[in-house]
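# Survey of secondary and tertiary structure
As a plain string of letters, each chain reads:
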Amino acid sequence: MRSREAVFGLVALVLVIGYGVLGTRVAPLLVPSGGTARPTPTKPVDTEVPAPQLPGKIAFTLRGDVYLLQDGRYRNSSADGRSSQPNLSADGQTLLFVRREEIDGKRDADGAAVSALLNYSDVIVRPVSGANERIALTGLRQKAASGFHLVAFEDGPAIAPDGMRFAVIGSSQLAADLELYDLRTGSRLALLSQDANLADPSWSPDGKTIAVTSYTLGTPRILLIPVDGSAAKPLKITADGEPYRPSYSPDGTWLTYTLRNAAGGNDLHAVEVVSGRDVALTSDGKSWGGVFSPDGTRIAFLRESGGVIDLYAMDLGTALTTGGRPAAAVKLTQGEGVDGESRPAWSR
């Protein structure tokens, strides 16, 4: 489950489509329900699909493209079939996502140079309006005349609260480290880990800390990494299972995360950062990738049913205050096959 190849295989099984995002190390371990598989609806392209009305904007990935839900409708923001891992700026004006690329090159096979198709990913930035797309960071680290290009995967881009920087996991064959870049120039500002195996960066609202999933020691755990370069601290999780994919609440008090249990099921939890108080938000074993709404009263997340993944939202009610139960989840998409390997993003 830890290896990149194993994760791709699991994601492909769940989605029942031939698209896997290279560079993803974490995916829910889900098995489609039994019975006859229902046909997947046509992928919506260049059309608006009606959806429940919610405040702000939710970006998500559907069958290899980024979609944006707002004002009671969603439509595609990319149409290349190679895009994933969307992130939105705090003001909801800027969209950041990953696009898979490939280049003809060479690799070493038992001491001999052989032709090979080399895969990598770029981080793409564009205004939510859709104009003037550009590459914020490329995974083609070095293009060599010999064909032995240096490539890497840039995973989980996350825009800082100030809108000027972004965090990303730079993944090569040797490590997956947390890096900071200037969003305007693409210059690297800091390397916040070295020879680690990290995923899922999420900024604290004050811009001082980035929560990540760490696989460096094998079993996943959540680390809080200060951006000033001081020592990272593990977040205490008392719930039994494997925590991953953290995401801060708008006030920084809570982190929602996914907990994988021993049987392979996934559920949403929230943990109070200071006290460690843990609240289970779902119990169906098929929900993951939660993110808070801009006002902190709801979460958006992914859920599998009958072998198909959809985007859902849920009102938290008093679950994080007086211990009440969240409201019933509302399905936002219409069974077109949302991709399960990258969490959604919710902004103003």
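Residues numbered from 1 in each chain as written. Predicted model: local features only at pLDDT ≥ 70, side-chain atom pairs only at ≥ 80, totals over all residues. Heavy atoms only, no water.

### Some points on the packing of aromatic side chains
Scanning all chains against the criterion turns up 5 aromatic pairs. Ring centres of Phe60 and Tyr74 lie 5.7 Å apart, and the angle between their planes is 70°; on these two criteria the pair is classed as edge-to-face. Here Phe60 is found in strand 2 (residues 57–62), whereas its partner Tyr74 is found in strand 4 (residues 73–76), with 14 residues between them in sequence. As far as the burial class goes, Phe60 and Tyr74 line up, both buried. (Phe/Tyr/Trp six-rings, centres within 6.5 Å; stacked < 30°, edge-to-face > 60°. Helix = DSSP H or I, 4+ residues; strand = E, 2+ residues; numbered from the N terminus. Buried < 20%, exposed > 50% of the residue type's maximum accessible area, 1.4 Å probe, protein only.)

### Here's the deal with the pattern of salt bridges
A full pass over the atoms with the stated rule returns 16 salt bridges. Among the ionic pairs, Glu133 bridges to Arg99, the shortest N-O distance being 2.8 Å. Taken together, the residues Glu133 in the loop between strand 7 (112–127) and strand 8 (134–137) and Arg99 in strand 6 (residues 94–109) connect sequence positions 34 residues apart. By relative accessible area, which is 36% here, Glu133 ends up partly exposed. Within the structure, one salt-bridge network assembled from shared partners comprises Asp80, Arg99, Arg126 and Glu133. (Salt bridge = Lys/Arg side-chain N within 4 Å of Asp/Glu carboxyl O.)

### Description of the sheet that holds strand 15 (residues 198–203)
Think of a sheet as strands paired side by side through backbone hydrogen bonds, with each pair either parallel or antiparallel. Strands sit in the order 15-16-17-18 across an open sheet of 4 strands; the sheet is antiparallel. This sheet does not close on itself; its edge strands, each paired only once, are strand 15 and strand 18 (233–234). Here 4 bridges tie strand 15 to strand 16 (residues 209–214), and the two strands are oriented antiparallel to one another. Bridge pairing in strand 16 links Ala199 to Thr213. (Pairing = 2+ DSSP bridges.)

### Some details on the sheet that holds strand 27 (residues 345–347)
Taken in spatial order, the 5 strands make up an open sheet running 1-4-3-2-27, and their pairing is antiparallel. What marks the edges here is a single partner per strand, and that holds for strand 1 (49–50) and strand 27. Examined bridge by bridge, strand 1 and strand 4 share 2 bridges and lie antiparallel to one another. What sits directly across from Val49, in strand 4, is Tyr74.

### Describing the side chain of Asn87
Looking at the secondary structure, you find Asn87 in strand 5 (residues 83–88). A polar contact of 2.7 Å, which involves the side chain of Asn87, links it to the backbone nitrogen of Ile159. Apart from the residues lying within four places of it in its own chain, the contact partners of Asn87 are Thr94, Leu95, Leu96, Pro157, Ala158, Ile159 and Ala345. (Polar contact = N/O pair within 3.5 Å; in protein donor to acceptor, adjacent residues only side chain to side chain. Contact = heavy atoms within 4.5 Å.)

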